[in-house]
Amino acid sequence: MTVSSTAERPSLRSQRLNQITHQPHTKLDALVKAHAPFETRANFARFVVAQYLFQSELVSLYNDAELIKIVPDLAQRCRADAAKLDLADLETEVPAPVAGAVKNPSKAEALGWLFVSEGSKLGAAFLIKRAVGLGLSETFGARHLGEPAGGRAEGWKRYTRTLDGLEFSPEEEADVEKGAIEAFVRFTVLLEQAYATTPELA
């Protein structure tokens, strides 16, 4: 069976990013399931540790003045504070930073990282339903999985429309793809750290 070149490389940047991150995304999903975060609150707390670590590493990107010019509501989209409150609800200590956080990425690379962070809010719609089974909610223990103001789908559509509409040089195109792939790889590392008995600290 042959696939046309058009099908191999979608025209929209967001679709291309979904395509190139399919493998690390699938790997991460399998790893999350393997750690069974919804079996017990203790397991879920480890998952929130990973979420907090990832989101806290992106705080500087969500508050970057140049990026806010592109995505005006960017700062309000950050979930680091919500994840920190969830850790308190779950009586879990705020973890120390883990070595290897993204530092000073290019603008395009940063948008790739944010693409992954923002996209995860869609999956969170399913995760919060599982968290309810542990007695958690958008106001206790699972705040970071809660529905954003304006709705998940609308927030995601606004972000991808903006991303798809930007004019990128070939170098920037490579950077946004690099950022998206590295974001999945990084979250995978943080998830493993969160469930490890002796995390490697920065």
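As recorded in an unreviewed UniProt entry, the chain goes by the name Heme oxygenase, listed as coming from Pseudomonas mucidolens.

Q: When you look at the overall build of the chain in this model, what are you seeing that I'm missing?
A: Scanning the chain for helices and strands turns up 11 helices and zero strands. Secondary structure elements of the chain, listed N to C terminal, follow the sequence α-α-α-α-α-α-α-α-α-α-α. In summary, the chain has a C-alpha radius of gyration of 17 Å against a globular reference of 17 Å for 202 residues, a match within 12%. Across its three principal axes, the chain shows a C-alpha extent of roughly 50 × 45 × 35 Å. A total of 202 residues make up the chain; the buried ones form 45% of that total. When contacts within the chain are restricted to residue pairs at least 6 apart in sequence, long-range pairs at least 24 apart make up 80% of them. Working note: accessible area of the chain is about 10700 Å², and carbon and sulfur atoms make up 55% of it. For the chain, the distance from the average site of its 23 positive side-chain charges to the average site of its 27 negative ones is 4 Å.

Q: Any chance you could explain the layout of surface pockets here in plain terms?
A: Where empty space is left in the structure can be found by rolling a water-sized probe over the atoms. Here the largest pocket is characterised by a volume of approximately 760 Å³. For the lining of the largest pocket, the element with the most residues is helix H9 (residues 107-132), which contributes 11 residues. For the lining of the largest pocket, the residue count by class is 17 nonpolar, nine polar and five charged. Space inside the second largest pocket adds up to approximately 340 Å³. Looking at the second largest pocket, it is lined by 21 residues, and the ones nearest its centre are Gln-76, Arg-77, Lys-121, Pro-148 and Ala-149.

Q: Can you help me understand helix H3 (residues 22-34) in this one?
A: Because the α-helix completes a turn every 3.6 residues, residues three or four places apart line up on one side. With 13 residues, H3 should reach 18 Å at 1.5 Å per residue; the first-to-last C-alpha distance of 18 Å fits that figure. Among the residues of H3, those classed as buried are Pro-24, Leu-28, Leu-31 and Val-32. Considered in projection along H3, the buried side chains sweep an arc of 100 degrees and stay on one side of the axis. Residues of H3 that are exposed and point more than 90 degrees away from the buried face comprise His-22, Gln-23, Lys-33 and Ala-34. Positive phi appears at Ala-36, one or two residues downstream of H3, with a value of about 45 degrees.

Q: In this structure, what is going on with the nonpolar core? I would like to understand it.
A: In this structure, Phe-44, Tyr-159 and Leu-191 are the most contacted members of the largest nonpolar core, which totals 54 residues. Of all the secondary-structure elements, those providing two or more residues to this core are H3, helix H4 (41-57), helix H5 (59-62), helix H8 (80-89), H9, helix H10 (152-165) and helix H11 (170-195). When residues no more than four places from it in sequence are discounted, the contact partners of Leu-191 are Leu-28, Leu-31, Val-32, His-35, Phe-47 and Ala-50.

Q: What is the right way to look at the environment of Thr-21 in this model?
A: Note on placement: Thr-21 falls in the loop between helix H2 (13-20) and H3. Residue classification places Thr-21 among the buried residues on the basis of a relative accessible area of 2%. In this structure the C-alpha to C-alpha distance between Thr-21 and Glu-182, which are 161 residues apart in sequence, comes to 9.4 Å. Filtering out sequence-adjacent residues up to four positions away, Thr-21 remains in contact with Ala-180, Ile-181 and Phe-184. A distance of 3.4 Å separates a polar atom in the side chain of Thr-21 from the backbone oxygen of Asn-18.

Q: Looking at this structure, how should I read the environment of Asp-73?
A: With respect to the helices, strands and loops of the structure, Asp-73 is situated in the loop between helix H6 (65-70) and helix H7 (74-77). By relative accessible area, Asp-73 is classed as partly exposed at 23%. For the pair Asp-73 and Gly-155, spaced 82 residues apart in sequence, the C-alpha to C-alpha distance is 9.6 Å. Polar contacts involving the side chain of Asp-73 include one to the side chain of Arg-77, which spans 2.9 Å.

Q: Mind showing me how you'd approach the pattern of salt bridges here?
A: Any two side chains of opposite charge can pair if their charged atoms end up close together. In this structure the tally under the stated criterion is 13 salt bridges. Here Asp-73 ties to Arg-77 by a salt bridge, and the two come within 2.9 Å at their closest N and O atoms. Overall, the relative accessible area of 7% leaves Arg-77 in the buried class. The partner of Arg-158 in a salt bridge is Asp-73, with the nearest N and O atoms 2.8 Å apart. Separated by 85 residues along the polypeptide, Arg-158 in helix H10 and Asp-73 in the loop between H6 and H7 bring together distant segments of the chain.

Thresholds applied
- Residues numbered from 1 in each chain as written.
- Predicted model: local features only at pLDDT ≥ 70, side-chain atom pairs only at ≥ 80, totals over all residues.
- Heavy atoms only, no water.
- Helix = DSSP H or I, 4+ residues; strand = E, 2+ residues; numbered from the N terminus.
- Rg over C-alpha atoms; globule rule 2.2 N^0.38 Å.
- Buried < 20%, exposed > 50% of the residue type's maximum accessible area, 1.4 Å probe, protein only.
- Contact = heavy atoms within 4.5 Å.
- Areas by Shrake-Rupley, 256 points an atom, 1.4 Å probe, with all protein chains shown as cover.
- Lys, Arg positive; Asp, Glu negative; His and termini not counted.
- Charge placed at Lys NZ, Arg CZ, Asp CG, Glu CD.
- 1 Å grid on protein atoms, 1.4 Å probe; cavity = no way out; pocket = protein on both sides within 12 Å on 5 of 7 lines; lining within 4 Å.
- Points joined across faces, edges and corners; volume = space filled by probe spheres on them.
- Nonpolar A, V, L, I, M, F, W, Y, C, P; charged D, E, K, R; others polar.
- Expected span 1.5 Å × (residues − 1).
- Arc of directions from axis to C-beta.
- Core = buried A, V, L, I, M, F, W, Y, C linked by side-chain atoms within 4.5 Å.
- Polar contact = N/O pair within 3.5 Å; in protein donor to acceptor, adjacent residues only side chain to side chain.
- Salt bridge = Lys/Arg side-chain N within 4 Å of Asp/Glu carboxyl O.

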